[in-house]
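# Geometric and topological summary
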There are 4 protein chains.
Amino acid sequence: MKKKRRLGLIGSGFMGKTHVFGFAAAERVFDLPYEVELAAIADVTMAQAEAARAAFGFTQATDNWRSLVADPAIDVIDITAPNALHKEMALSAIAAGKHVYCEKPLAPLAADAREMADAAEKAGIKTQVGFNYLCNPMLSLAREMIASGELGDIRGYRGLHAEDYMADACGPFTFRHDPAGGGALADIGSHALATAEFLMGPITKVMGDCVTMIASRPDGKGGVRPVETDDVGRAFLRFANGATGSIEGNWIATGRKMQHDFEVYGSRGALAFSQERFNELHFYSTADAKGRQGFRRIEAGPDHAPYGRFCVAPGHQLGFNDLKAIEVAGYLEAIAGLRPEPFNFRAGLRIQTLVEAIQQSSRAGAWLDVNGD
Amino acid sequence: MKKKRRLGLIGSGFMGKTHVFGFAAAERVFDLPYEVELAAIADVTMAQAEAARAAFGFTQATDNWRSLVADPAIDVIDITAPNALHKEMALSAIAAGKHVYCEKPLAPLAADAREMADAAEKAGIKTQVGFNYLCNPMLSLAREMIASGELGDIRGYRGLHAEDYMADACGPFTFRHDPAGGGALADIGSHALATAEFLMGPITKVMGDCVTMIASRPDGKGGVRPVETDDVGRAFLRFANGATGSIEGNWIATGRKMQHDFEVYGSRGALAFSQERFNELHFYSTADAKGRQGFRRIEAGPDHAPYGRFCVAPGHQLGFNDLKAIEVAGYLEAIAGLRPEPFNFRAGLRIQTLVEAIQQSSRAGAWLDVNGD
Amino acid sequence: MKKKRRLGLIGSGFMGKTHVFGFAAAERVFDLPYEVELAAIADVTMAQAEAARAAFGFTQATDNWRSLVADPAIDVIDITAPNALHKEMALSAIAAGKHVYCEKPLAPLAADAREMADAAEKAGIKTQVGFNYLCNPMLSLAREMIASGELGDIRGYRGLHAEDYMADACGPFTFRHDPAGGGALADIGSHALATAEFLMGPITKVMGDCVTMIASRPDGKGGVRPVETDDVGRAFLRFANGATGSIEGNWIATGRKMQHDFEVYGSRGALAFSQERFNELHFYSTADAKGRQGFRRIEAGPDHAPYGRFCVAPGHQLGFNDLKAIEVAGYLEAIAGLRPEPFNFRAGLRIQTLVEAIQQSSRAGAWLDVNGD
Amino acid sequence: MKKKRRLGLIGSGFMGKTHVFGFAAAERVFDLPYEVELAAIADVTMAQAEAARAAFGFTQATDNWRSLVADPAIDVIDITAPNALHKEMALSAIAAGKHVYCEKPLAPLAADAREMADAAEKAGIKTQVGFNYLCNPMLSLAREMIASGELGDIRGYRGLHAEDYMADACGPFTFRHDPAGGGALADIGSHALATAEFLMGPITKVMGDCVTMIASRPDGKGGVRPVETDDVGRAFLRFANGATGSIEGNWIATGRKMQHDFEVYGSRGALAFSQERFNELHFYSTADAKGRQGFRRIEAGPDHAPYGRFCVAPGHQLGFNDLKAIEVAGYLEAIAGLRPEPFNFRAGLRIQTLVEAIQQSSRAGAWLDVNGD
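Anyway, here's the lowdown on the structure attached to this text. The model shown is predicted, which means the values in this text are computed figures rather than measured ones. Per chain, residues are indexed from 1 in the order of the written sequence. As a convention, the first chain written is A and the first ligand written is 1, with the rest following in written order. Local features in this predicted model are restricted to residues of pLDDT 70 or higher, and side-chain atom pairs are both shown and tallied only at a pLDDT of 80 or more, whereas totals for entire chains, interfaces and linings draw on every residue. As a rule here, side-chain values cover all heavy atoms of the structure and leave hydrogens and water aside.

## As for the overall build of chain A
Numbered from the N terminus, helices here are DSSP runs of H or I no shorter than four residues, and strands are runs of E no shorter than two. Each helix and strand in chain A was counted, giving 10 helices and 17 strands. Relative to the 2.2 N^0.38 estimate, which gives 21 Å for 373 residues, the radius of gyration of chain A is 21 Å and therefore close to what a compact globule would have. In chain A, which comprises 373 residues, the share counted as buried stands at 65%. Between two residues, a contact is recorded if the distance between any of their heavy atoms is within 4.5 Å. Restricting to contacts in chain A with at least 6 residues of sequence separation, those with at least 24 account for 68%. All accessible areas in this document rest on Shrake-Rupley with a 1.4 Å probe, and a residue is counted as covered only by the protein chains that are shown. On chain A, roughly 12,300 Å² of surface is accessible, and the fraction owed to carbon and sulfur atoms is 52%. Here chain A contributes 39 positively and 45 negatively charged side chains, and the mean placements of these two sets differ by 3 Å. We compute the radius of gyration from the C-alpha atoms alone; for a globule the expected value is 2.2 Å times N to the 0.38, where N is the number of residues. A 1.4 Å probe rolled over the protein chains alone gives each residue an accessible area, and that area as a share of the maximum for its type sets the label: buried under 20%, exposed over 50%, partly exposed in between. For the purpose of counting charges, residues Lys and Arg are taken to be positive, whereas Asp and Glu are taken to be negative. His and the chain ends are not included. For this purpose, a charge sits on NZ of Lys, CZ of Arg, CG of Asp or CD of Glu.

Written out as structure tokens, the structure is:
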């Protein structure tokens, strides 16, 4: 009989829902070390919390996240509340000795993220930040091909995360436009950065270019509010492995829904990937015979763990929610001590550090070394 | 408090697992009319059944499917056992007054499928056959575009379901090569037929071309066994809507993992789809401005129900198991009387009827009218 | 100093122009055995002929093709006049001892084409029929890969030539709708057949499905005229190499401009090609490492002769007119005895024979053996 | 009767050949204002020149380019000699009152290019620099869509020109690695810059990132020679139209043969293009109906001038050499005063100015305003 872990979820929006789907799927798909009980859910109002409880199958609902965090019957706190609240919630949970799973970004500012990472490590609890695009088997394959030398010396990288959900200039000012932690680079460029380091290892220097293209937005009260955060955040990159590259985060890329792409160029091969078709990895090998070389469309299948957990046949494809299930499973295994934390608070801090380095570099108009954490 | 429906699953292989994933996901993703309890699972041996029970979270396990069918505490019987057993199991379940969910094909032979459909209708229970590719929101979109006249008069159709899992001539003889009900047309060409009628409405005439390309296969005892079933099954088609077309089922299509494709040509537009990228539908409209016409890659999003149930943002993509969740949800809604059965035994019979008509036409080398059911 | 060959061109429309482009380019791109002089051009009226002469750079113009054919100063007669005139023109030219280059189809009916081929062979002159899609280096590569065994035993074939230039039901009745020799199968399905045999070798049996979808068209006099020719011509195929397959010719495929596609499936590999991107050939090899298999996009380059004649660097791409230049060069080399005729009247007859066999099979609703020539 | 213009070509390598193809094709395809006579060709040795003369159909050959430039019978000097010689040759030709067509780059250094542009303008002769990717009808379409407001306010740009012809670290040191004017940015990044300004209008500021990834190369004498020029040149860009963007030039992009790509994002639409499939332009419009939006693959056809000159039917495709024919035709029309020079020496200088600004910015690690010319 498996041990139980009781989950307390804070937030029931887009990401709250995705987390619940992730736990539900992970339970069926993986041989998890724990049985996860959906113990309690908190939201701003009791009505919201109760509706989410019923929809998602939690035992209890509350409009007081503090009571949820304090509840001794709960083992793991899962935070999908607005970014600005992550820190307070996580620190409370850590203080209560709970494991903490926090949706990205870990915190709007790196300084806050650092406090959270330090606290988590000091408390010895296990943490996870949700960067679920990383859980794609095709990204693991890419990382392995890079690390193993299959592509030769790695020389170049191009990364991207572009969407269009802020492309409409009539879209209102939101918390995502808050000068403290907002902007396209922080919001989705962060995914491009996470993927870049996941594949390539540490970034050592950055040169940023963060631009505001829509200067003001409706403030919801009939007026407009100036926007100071970036709509597009670009960076040149230096990697510790000797490669150079670039990334772009862009939330006004009209027509793009999920252009989370990368290309990697090595001395003996290359990779090209697009999240628009994320069950494929395109691979070029200079070892192929003359006249027969070309980018090869590898389709995800059981050869690419943990795809086989979801489906025994190749080509059937994983969906976005499946990536979350993989993330959930990895975290539970880490809690059980079966593997290192896949993407802990320290890793989440790292992304914030990179984001802020790029922003600072952009303001200064100069290259900046990136600190180690 | 939702009413409960207790599920009894027979079989725990590829499809058994997929069904369990489907029920688990459907529960979270949809607002189901019932709470589904995973009551009991049956497999050939007690060891297999018990392992599946533990892995999937069923309450009970048994190596006797008859006792599972007979159990008065179970409301819905879900059959994912080998095809040859579908009939006996389903008829037992129907006799016991249970709703029956049966993986495709409904039965190896249309005559058997007809018995099953007749029995189900007579008993008034609700049935479902698993043709989960149909549950793709992009196929619903395609059907709607065809039905609404958005494409004008529908003239041409090309359908395909090609894979390569039988391409290796050293692959052994299996039940799928059984002359009674086996072959590529029955096994996967059936998907191409289901999609064709789902989109276009009834097929009225067929001309078949069923060929065996690998004449014999290892019999598992050191010898070989001749193969009489088709490796490729093709058909020309006539549709009641006036269109003509073709389909191909092919399990020796080297390199293809999921080439479930279609193209539809109308007088005012066209559609192109590939299951290899099943979150996209390509749409050409003659109404687009001169010099601006072209196939448009529509990416699945909340505009295409029920995508929004899984994810509030476009471009995130559904996976194969999500399609099963949609199938499950539709069936449970049908049990609750909220909608017609999405793909009942009568529909399952229809596919077998089409398969056999094509096979018979191929043997005769002549066109054949397809009967109404 | 190269010997001269004087060209007499009949017709100055789409194909006449393309031929002139072909000769002009071939002269620069290839090391031709002859210098080709654009000696004379004939068209229906003197005005048309003179305009074409000036535009294309011919020395003389005439409205009398017979005088052009009779002119002893002309060595090669190039026929791009309407199909119905090909036979009379070609036989005249052959009788005058001229080499004859004839745009496809060789003649509307196979019987006529046979007379032409017989006459040419008896006269010992060199002939060429324009099937220029065959001159693509990527098709040569595909043929070589099939012939060499690189794909293993060849099992399956799918061919297509679909366009939409007849998709508008208001488009008038033209000579292409003439029951003697007209229809989509003859007009463009013929390309699909030419490619099929070019790659796969002889077709031995066919089962045809030729359908008229637009029953009548404006007759240009305010009335309508019934259409008896096919808008879509499909066929199942048997090949002498043991493979089976299908082709479709379709001129009402809304949105398609050049869907001249094929897929070839062998026991050890597969190919996929689309004329929509005709500088690419997609190749799957079962010899690729586990987890690294996939269709590989080979881009045309100097490794794929005669691409290097046009450009020393890969990826720059050939255009449609370049294919015609390759055709022209091959024909001139054949005239010089340096190689066999690439696609002579006998080959042109072969296509007509296949077209008529498919049409006849369609009318009979039964398979038909294809005669040897 | 058309007036003649006599061409003197200097150089007979890759580009010399391409120019000859361009003149030959342009003569047939376009209604040129002149008849172009291939009067004389110069190369380094008499043997090379004579071979090229015979192959290309020039009247005379010489190993002395000065005599060719001085020949009063020659009207247009076409320079495809090594970059380092462009200046001297062009200035001589200008001094002799000849029109000058010069392959890109106009000169290795902007200072030299400026002298050339100034001299040409002072002399009142017509000049052309070969940036033939710009002559693609799909680029004209893109430019028109941007300029007309069809895409709304233009906000973002991503440009690229990546190939792999320098990816092999064993490839020898060549003139392309010369610190004066060499490097990937100058050699092919220049194409990305030309396309960027062609589409978007003037670049006003740049931030460069030019990196050497292969530190030394064989010197051809058994030793190695350090490389100081960039293998990858990146830049952030500001445009006068208010947009921001980036480009990359990269000649070590393993597997890429012609990744000359761009994406343009406006407030009401977007474009995506790849030279790998350069007969297509992908267009997204926010005006498309809800649930029907997506990038639309527009295939080149007669609606996109001057495609119709080459072929009356859409989808047949232009090749690389056809782009050169368009360039040639535009230049000859400019010589005849029928249109402005499409891409004159001033425009060629502009590219060098941009290249050097990016290089200088990269060395300084700071943004740089770009001067007006």
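Continuing now.
## Observations regarding the interface of chain D and chain A
Each side of the interface is counted separately: chain D has 45 residues, and chain A has 45 residues. Summed over both sides, the interface of chain D with chain A buries roughly 3,100 Å², with 51% coming from carbon and sulfur. When two parts are put together, the accessible area they lose, computed with a 1.4 Å probe and summed over both, is reported as buried area. When the buried area of chain D at its contact with chain A is split by residue, Arg 155, Phe 236 and Thr 254 of chain D rank highest and sum to 23% of it. Each reported salt bridge corresponds to a side-chain nitrogen of Lys or Arg within 4 Å of a carboxyl oxygen of Asp or Glu. On inspection of chain D and its partner chain A, the count reaches six salt bridges. Of the charged contacts, one joins Asp 209 of chain A and Arg 238 of chain D as a salt bridge, the two residues approaching to 2.4 Å between their closest N and O atoms. Of all elements in the fold, only strand E7 (154-162), strand E8 (203-211), strand E11 (232-239), strand E12 (244-250), strand E13 (259-266) and strand E14 (269-274) of chain D reach the threshold of two or more residues within the side of chain D that touches chain A. Ranked by residues supplied to the side of chain D that touches chain A, first place goes to E12 of chain D with five residues. Considering only residue class, the side of chain D that touches chain A consists of 20 nonpolar, 14 polar and 11 charged. Basically, the charged four are Asp, Glu, Lys and Arg, the nonpolar ten are Ala, Val, Leu, Ile, Met, Phe, Trp, Tyr, Cys and Pro, and anything else, Gly included, counts as polar.

## Re the relation of the copies chain A and chain B
The copies are overlaid by a least-squares fit using only the C-alpha atoms of residues whose pLDDT is at least 70 in both copies. The two copies are related by a screw operation: chain A maps onto chain B through 180° of rotation and 0.0 Å of translation along the axis, at an RMSD of 0.0 Å. The transformation relating the two chain copies, once decomposed into turn and shift, fits a two-fold axis. For chain A, the residue whose C-alpha comes nearest the rotation axis is Gly 319 of chain A, separated from it by 1.8 Å. Interface overlap between copies is the fraction of interface residues in one copy that are interface residues in the other; for chain A against chain B it reaches 100%, indicating a shared surface.

## With respect to helix H7 (residues 184-200) of chain A
Residues and elements named next belong to chain A. In this model, H7 (17 residues) spans 22 Å end to end at C-alpha, consistent with the 24 Å of a helix rising 1.5 Å per residue. Residue Ser 190 marks the point of greatest curvature in H7, where the axis turns by about 45°. Taken across its 17 residues, H7 has 17 buried, putting it largely inside the fold. One or two residues past the end of H7 sits Gly 201, with phi positive at roughly 85°. Expected helix span is taken as 1.5 Å per residue step, with the number of steps being one fewer than the number of residues. Bending is quantified residue by residue as the angle between axes fitted to the seven-residue window ending at that residue and the seven-residue window starting at it.

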